[in-house]
Amino acid sequence: MNFQYSKDGITVAVIIDTSHPKREGKYPVRIRVTYLRQRKYYPTGKDLTADQWDALPTTKNRELSAVRKDIENSYNIIRSAVEELASNGDFSLDALNARLKLAPSLSINAMFAARLDELKSRGRVGNMTVYYATLKGIERFAGTHVRLSSVTPNWLTRYADFLDNEGKKQTTIAIHLRTLRAIINEARRAGLIKESQYPFGRGRYEIQSGAGRKMALTVEQIGQIANYDDGSEATARYRDYWLFLYLCNGINVADFVKLRYRDIVNGEICFVRQKTERTTRVRKEIRAIITDRMQKIIDRWGTVPRPDAFIFGILDGSEDPLRQMHKTQYLTRAINKRMTDVGERLGIGHISTYTARHSFATVLKRSGVNIAYISESLGHSDLKTTENYLASFEREERQKNAELLTRF
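Since the structure is predicted, the reported quantities are computational estimates derived from the model, not experimental observations. (Residues numbered from 1 in each chain as written. Predicted model: local features only at pLDDT ≥ 70, side-chain atom pairs only at ≥ 80, totals over all residues. Heavy atoms only, no water.)

With that settled, the discussion passes to the overall build of the chain. When its secondary structure is counted, the chain shows 15 helices and 7 strands. Counting over 408 residues, the chain shows a buried share of 44%. For the chain, contacts bridging at least 24 residues in sequence account for 59% of all contacts bridging at least 6. Entry remark: accessible area of the chain is about 22200 Å², with carbon and sulfur atoms responsible for 47%. (Helix = DSSP H or I, 4+ residues; strand = E, 2+ residues; numbered from the N terminus. Buried < 20%, exposed > 50% of the residue type's maximum accessible area, 1.4 Å probe, protein only. Contact = heavy atoms within 4.5 Å. Areas by Shrake-Rupley, 256 points an atom, 1.4 Å probe, with all protein chains shown as cover.)

One finds Tyr241, Trp242, Phe244, Phe256, Phe312 and Leu331 to be the most contacted residues of the largest nonpolar core, which totals 50 residues. By residue number, the principal contributor to this core is helix 9 (residues 233-247), which donates 8 residues. Once residues lying within four places of it in the same chain are set aside, the contact partners of phenylalanine 256 are Tyr241, Phe244, Leu245, Ile251, Phe312 and Leu331. By size, the runner-up hydrophobic cluster in this structure holds 33 residues, among which are Tyr159, Ala160, Ile183 and Met325. (Core = buried A, V, L, I, M, F, W, Y, C linked by side-chain atoms within 4.5 Å.)

This paragraph deals with the side chain of asparagine 109. You can see asparagine 109 is positioned in helix 4 (residues 108-121). At 3.2 Å, the side chain of asparagine 109 and the backbone oxygen of glycine 143 are in polar contact. When sequence neighbours within four positions are dropped, the list of residues in contact with asparagine 109 reads Leu135, Glu139, Gly143, Thr144, His145 and Val146. (Polar contact = N/O pair within 3.5 Å; in protein donor to acceptor, adjacent residues only side chain to side chain.)

Our focus in this paragraph is the pattern of salt bridges. For the structure on display, the rule yields 17 salt bridges. Residue arginine 140 pairs with glutamate 166 through a salt bridge whose shortest N-O separation is 2.8 Å. One end of the pair, arginine 140, is in helix 5 (residues 125-142); the other, glutamate 166, is in the loop between helix 6 (153-165) and helix 7 (170-189), with 26 residues separating them in the sequence. Overall, arginine 140 belongs to the partly exposed group, its relative accessible area being 43%. Among the salt bridges present, the one from arginine 239 reaches aspartate 240, with a minimum N-O distance of 3.1 Å. In this structure aspartate 240 comes out as buried when scored by relative accessible area, which is 4%. (Salt bridge = Lys/Arg side-chain N within 4 Å of Asp/Glu carboxyl O.)

Turning our attention to the sheet that holds strand 7 (residues 285-289). Taken in spatial order, the 3 strands of this open sheet run 5-6-7, and their pairing is antiparallel. This sheet does not close on itself; its edge strands, each paired only once, are strand 5 (264-265) and strand 7. Here strand 6 (residues 268-272) runs beside strand 7; their pairing, made up of 5 bridges, is antiparallel. When the bridges of strand 7 are listed, isoleucine 269 appears paired with alanine 288. (Pairing = 2+ DSSP bridges.)

Where helix 2 (residues 62-87) meets helix 7, the closest approach of the two axes is 9 Å, and the angle between their N-to-C directions is 95 degrees. Compared by their axis directions, helix 2 and helix 7 come out roughly perpendicular. Contacts between helix 2 and helix 7 pair Lys69, Asp70, Asn73, Asn76 and Ile77 from the former with Glu186, Ala187 and Arg189 from the latter. Taken together, the residues of the contact of helix 2 with helix 7 break down into 2 nonpolar, 2 polar and 4 charged. (Axes fitted to C-alpha atoms, helices over the stretch in contact; angles between N-to-C directions. Parallel < 35°, antiparallel > 145°, perpendicular 65-115°, else oblique. Nonpolar A, V, L, I, M, F, W, Y, C, P; charged D, E, K, R; others polar.)

What follows deals with the environment of leucine 247. Mapped onto the secondary structure, leucine 247 falls in helix 9. Judged by its relative accessible area of 23%, leucine 247 is partly exposed. Separated by 47 residues in the primary sequence, leucine 247 and methionine 294 place their C-alpha atoms 7.1 Å from one another.

The residue glutamine 329 is located in helix 12 (residues 321-346) in this model. You can call glutamine 329 partly exposed: its relative accessible area is 32%. Residues glutamine 329 and alanine 254, 75 residues apart in the sequence, show an inter-C-alpha distance of 8.4 Å.

Summarising the element assignment, leucine 346 is placed in helix 12. We classify leucine 346 as partly exposed; its relative accessible area is 24%. Excluding its chain neighbours within four sequence positions, the residues that come into contact with leucine 346 are Gln224, Ile225 and Tyr228.

This is the structure in structure tokens:
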């Protein structure tokens, strides 16, 4: 936790105010703004003991983590106001007070900028890319100073229409809107907008999810892919990479490129999903049995076996998080392009890295495997997530079965 900002003689920091003790050995957590040797303190609404304060940066405790998130939200709001005033050359503590009293006039843009800085400092480049794309979409639609108070259900409807007219798919539009909602939620938790001003939810603006192309293959189709050979080494490599994704519990490419030989334990590959390693309270390790086919793929395309070596050599260990993300994206595009060609030649249709994960789940489901096992294998946090994940495929099966009824 590094809630400290310093620029142009202005310092913003989160502190525990031990000079004002409260009940049960707790002290108020405040945000201190310093400028020209003068200080102003802003409340976060949170009280902590000295031990809780010391544990705050690295805590795994759910309640204390929620407190940390609320403090972070308050800090980001104040930092956003400070940066906006400073960038206009208008900063003073009085101006800051006035701005915070008129919190709805704070710009969404400044709040996004603060979040981007925070994500960059944590190396969260995946999330950073999503927030950056959303900010740029908002700026194309409404400019570089969009007030909190201007984001209404009507504004959101027009923004969604704008993205649709730009040619964005519904899935992408939903991602933009959910990212914007996360920023608005910060403002609501910090008390910067009234409940009546909150634009999302039933009776207000509801985000429509994209249906997506979740094509799950049959075992027979996967067998066709496994045996496909056009004489090209590139096709063989990317076909085998795709098969490995499927066989390794539908592993994501971002996790696939990080696999090292030390992750192989007693004939199993053990890994933690990058997508959830920071968002779940308990570190959830996934284990995948190394089948004969997987071992052959490792033998053919793997690096020299050493404990710290990456199995497939996509990464070399020197990459920073941004470079790592770029290499992952490049590999994903390469696999998808080659597998799209394979799918067309086999008459299967569109095949992607997502298809590998979807097919892993549905092949097991259709074979009668317990949903709890599928959930654990996918690394989902609960069964409800898995049920929702499989729902679209079950709809696909019902559609096929319904068509059988009219084959007179």
